[in-house]
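Summary of the model geometry
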Amino acid sequence: MGKKALLVVSFGTSFEEALPAIVNIEETCKKAFPDYDFYRAFTSGMIIRKWARTKNVIIHNPDEVMKRLVAEGYEEVICQPTHIINGLEYDKMMNMLLAYRDQIPTIKVGTPLLTEEEDYKEACEIVMQELEKPLAKDEAFVFMGHGTEHFANSAYSQFENMLRDLGHESTYVGTVEGFPSLDYVIRRLKIREIKKVYVMPLMIVAGDHARNDLAGAEADSWDSILKADGFETEVIMKGLGEIDAIAEMFVKHLKKAESL
């Protein structure tokens, strides 16, 4: 039997209190593949440098891990990204892995959380089950996605449409760096005469964006903007990776991983 590695790749987080969301996915994958040696990688160079600078902790990117696996004679690598969408970070990871296609006999990669239609349905059901809040007529859920200039940004609108299709009318998805923006969400909340919103990150970790862009005390955070616009708010500070059923979704994707 040749040496086998499990590589779990995340964008990363510089917030120690947000890291358990990533660890939960990693541990769930490790339990499902006990015969594989585990490796972690982050795709964000900025976050990797911050861990090294502030905590003296070395985290490698996928390229560095793959280089090591080649040097140590691994014959099979299965890789699971914890990315939500098939966006820039996923593309970056894939380009790094493809460079090693001729050096390791078997490299298999699972898909991001939201890839097929069934993924959207399952993820929406899990998130709404997790929230378990019966809403009053003038209440709504608002989810904050990251957003991207990549065409995969359309995943956020699909996520909202799937929520509606499943009967969750009072749900809205906005993004920090793409469309739909918070302005768009607020206009629609006003049309529905919503008074109170529960705001939650639609991200794997409740890290920098969740704690600053969403819940920060500054005037330009989503929480502050919504309050200034007359809405009552309640922040749900939870990353998707903290939800066990979401972690299990990544295991399902890993089990269906396809060879490069």
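Residues numbered from 1 in each chain as written. Predicted model: local features only at pLDDT ≥ 70, side-chain atom pairs only at ≥ 80, totals over all residues. Heavy atoms only, no water.

Summarising burial for strand β1 (residues 3-10): seven of the eight residues are buried, a large majority. What joins β1 to strand β2 (residues 37-42) is helix α1 (residues 20-32), and the crossover it makes is right-handed. (Buried < 20%, exposed > 50% of the residue type's maximum accessible area, 1.4 Å probe, protein only. Helix = DSSP H or I, 4+ residues; strand = E, 2+ residues; numbered from the N terminus. Right-handed = clockwise from strand over helix to strand, strands pointing away.)

Pairing is mixed across the open sheet formed by five strands, whose spatial order is β2-β1-β3-β4-β9. The open sheet has two edge strands with one neighbour each: β2 and β9 (258-259). Across the face of the sheet, helix α10 (residues 244-255) comes into contact with β1 and β3 (74-81) while running at roughly 140° to β3. (Pairing = 2+ DSSP bridges. Contact = heavy atoms within 4.5 Å. Axes fitted to C-alpha atoms, helices over the stretch in contact; angles between N-to-C directions.)

So, on to the state of the cysteines. Cysteine pairs can be linked by a disulfide, which is a covalent bond between their two sulfur atoms. All told, the structure shown has zero disulfides when counted by the stated rule. Free of any disulfide, Cys29 has its nearest neighbouring cysteine sulfur in Cys79, separated by 9.9 Å. For Cys29, a relative accessible area of 0% gives the class buried. (Disulfide = S-S within 2.5 Å.)

For the rest of this paragraph, the subject is the packing of aromatic side chains. When we look at a pair of aromatic rings, we describe it by the centre distance and by the angle of the planes. Summed over all chains, the structure comprises six aromatic pairs. Between the aromatic rings of Phe33 and Tyr36, the centroid separation amounts to 5.6 Å while the plane-to-plane angle is 85°, which identifies the pairing as edge-to-face. Judged by relative accessible area, which is 15%, Phe33 ranks as buried. Residue classification places Tyr36 among the buried residues on the basis of a relative accessible area of 16%. When the centroid spacing of 5.0 Å and the interplanar angle of 50° are considered together, the rings of Phe179 and Tyr184 count as tilted. An aromatic cluster of at least three residues, connected via ring pairs, comprises Phe141, Phe143, Phe159 and Tyr198. When the ring centre of Phe38 is taken as reference, the NZ or CZ atom of Lys30 above it lies at 4.8 Å. (Phe/Tyr/Trp six-rings, centres within 6.5 Å; stacked < 30°, edge-to-face > 60°. Lys NZ or Arg CZ within 6 Å of the ring centre and 35° of its normal.)

Counting buried positions along strand β5 (residues 139-145) yields seven of seven residues, so the element is predominantly enclosed. Alternating positions in β5 separate into two faces, Glu139, Phe141, Phe143 and Gly145 on one and Ala140, Val142 and Met144 on the other, with burial throughout. Pairing geometry for β5 and strand β7 (residues 196-201), over six bridges, is parallel. Across the sheet, residue Met144 finds its bridge partner in β7, namely Pro201.

As a further point, take α10. Along its 12 residues, α10 runs 17 Å from first to last C-alpha, staying within 8% of the 16 Å computed at 1.5 Å per residue. Among all positions in α10, only Ile246, Ala247, Met249, Phe250, Val251, His253 and Leu254 are buried. Tucked into the core, α10 has its buried residues touching β1, α1, β3 and α5 (117-131). (Expected span 1.5 Å × (residues − 1).)

Interaxial distance between α1 and α10 falls to 9 Å at its minimum, and their mutual angle equals 45°. With respect to α10, the axis of α1 lies oblique. Read as a crossing pair, α1 and α10 show a hand that is right-handed. Judged by residue contacts, Asn24, Ile25, Thr28, Cys29 and Ala32 of α1 engage Asp244, Ala247, Glu248, Phe250, Val251, Leu254 and Lys255 from α10. (Parallel < 35°, antiparallel > 145°, perpendicular 65-115°, else oblique. Left-handed = near helix turned anticlockwise from the far one by under 90°.)

Further remarks concern helix α2 (residues 45-55). Residues separated by three or four positions in an α-helix point in the same direction, a consequence of the helix having 3.6 residues per turn. What α2 keeps buried is the set Ile47, Ile48 and Trp51. End-on view of α2: buried residues confined to an arc of 105°, all on one side of the axis. Summarising the geometry of α2, the exposed residues directed more than 90 degrees from the buried face are Met46, Arg49 and Arg53. The inward-facing, buried residues of α2 contact β2. (Arc of directions from axis to C-beta.)

If you walk across this open sheet you meet the four strands as β6-β5-β7-β8, and the pairing is parallel. Unpaired on one side and paired on the other, β6 (171-175) and β8 (232-235) mark the two borders of the sheet. The mean inter-strand angle of the sheet, taken between neighbouring strand axes irrespective of direction, is 25°. In this sheet, β6 lies alongside β5 in parallel orientation, the contact comprising five bridges. What sits directly across from Val142, in β6, is Tyr172.

For the rest of this paragraph, the subject is the packing of α5 against helix α6 (residues 154-165). Remark: α5 packs on α6, axes separated minimally by 9 Å, with the N-to-C direction vectors making an angle of 60°. Considering the relative orientation of α5 and α6, their crossing is right-handed. In contact with Glu117, Tyr120, Lys121, Ala123, Cys124, Val127 and Met128 of α5, α6 contributes Ala155, Gln158, Phe159, Met162 and Leu163.

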